[in-house]
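# Structural description and commentary
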Amino acid sequence: MSSSHLQWLITRNTSSFVLKKRNVKQPFSREPLHLTNRHCFKYNTLVHKNVIGVEPAKDKNGFVVVMKSKKKVYKPKASMVRFQIKSGPRHTLAKLSNIVKNGYRKDCRGAVLKRASAIIRSEKTRVAKKAKPAKKAE
């Protein structure tokens, strides 16, 4: 298998996931499991062997962590390992931080935690503010 740098040089301009827009210096990426949606080598999920991603859970409770296993490299669907974490916001982020520290892309730790906290924030139910009663005109 070729190196990730060589793969990046080949696919960076010809990838179908690249989304280029006018007056935008950095193009976007629509890759699955992409953490920042910026088209760059560091967060590219097609090129690297170790990939970790965060997706919202289907039951709107917690999030799903998706990791690429190192064993089934040539079978893309079978190489993805998914598991759900749902035990309160602080505890889930601590668990995710430990997963990333122990062997899965330490350089992407901040982006993974940002994505997970954004998912948790979006799942919170917001209480509607009560309308203030109008003052009586005298």
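Refer to the structure printed above.
First, a word on scope: everything that follows refers to the structure included in this document. (Residues numbered from 1 in each chain as written. Predicted model: local features only at pLDDT ≥ 70, side-chain atom pairs only at ≥ 80, totals over all residues. Heavy atoms only, no water.)

## What to know about the overall build of the protein
Scanning the protein for helices and strands turns up three helices and five strands. Across the protein, helices and strands are ordered from the amino to the carboxyl terminus as α-β-β-β-β-β-α-α. Along the longest, intermediate and shortest principal axes, the C-alpha atoms of the protein span 80 × 40 × 25 Å. Evaluated residue by residue, the protein yields a buried proportion of 33% over its 138 residues. (Helix = DSSP H or I, 4+ residues; strand = E, 2+ residues; numbered from the N terminus. Buried < 20%, exposed > 50% of the residue type's maximum accessible area, 1.4 Å probe, protein only.)

## Brief notes about the pairing of strand β4 (residues 63-68)
Most of β4 sits inside the fold, with six of its six residues counted as buried. With burial as the criterion, each face of β4 is covered, one bearing F63, V65 and M67 and the other bearing V64, V66 and K68. The hairpin formed by strand β3 (residues 52-56) and β4 contains six residues between the paired strands, and K60 there has a positive phi angle of roughly 55°. Strand direction decides the pairing type here: β4 and strand β5 (residues 80-85), joined by six bridges, are antiparallel. Within β5, the residue paired with M67 across the bridge is V81. (Pairing = 2+ DSSP bridges.)

## Looking at the sheet that holds β5
Pairing within the open sheet is antiparallel, and its three strands lie in the order β3-β4-β5. Edge positions in the open sheet fall to β3 and β5, since each of these has one partner strand only. Geometrically, the sheet is characterised by an average inter-axis angle of 25° between neighbouring strands, direction not taken into account. Bridge analysis of β3 against β4 gives five bridges, and the strand direction is antiparallel. When the sheet's bridge partners are listed, V54 is paired in β4 with V65. Along the sheet, helix α3 (residues 109-123) contacts β3 and β4; its crossing angle with β3, the most-contacted strand, is approximately 5°. (Axes fitted to C-alpha atoms, helices over the stretch in contact; angles between N-to-C directions. Contact = heavy atoms within 4.5 Å.)

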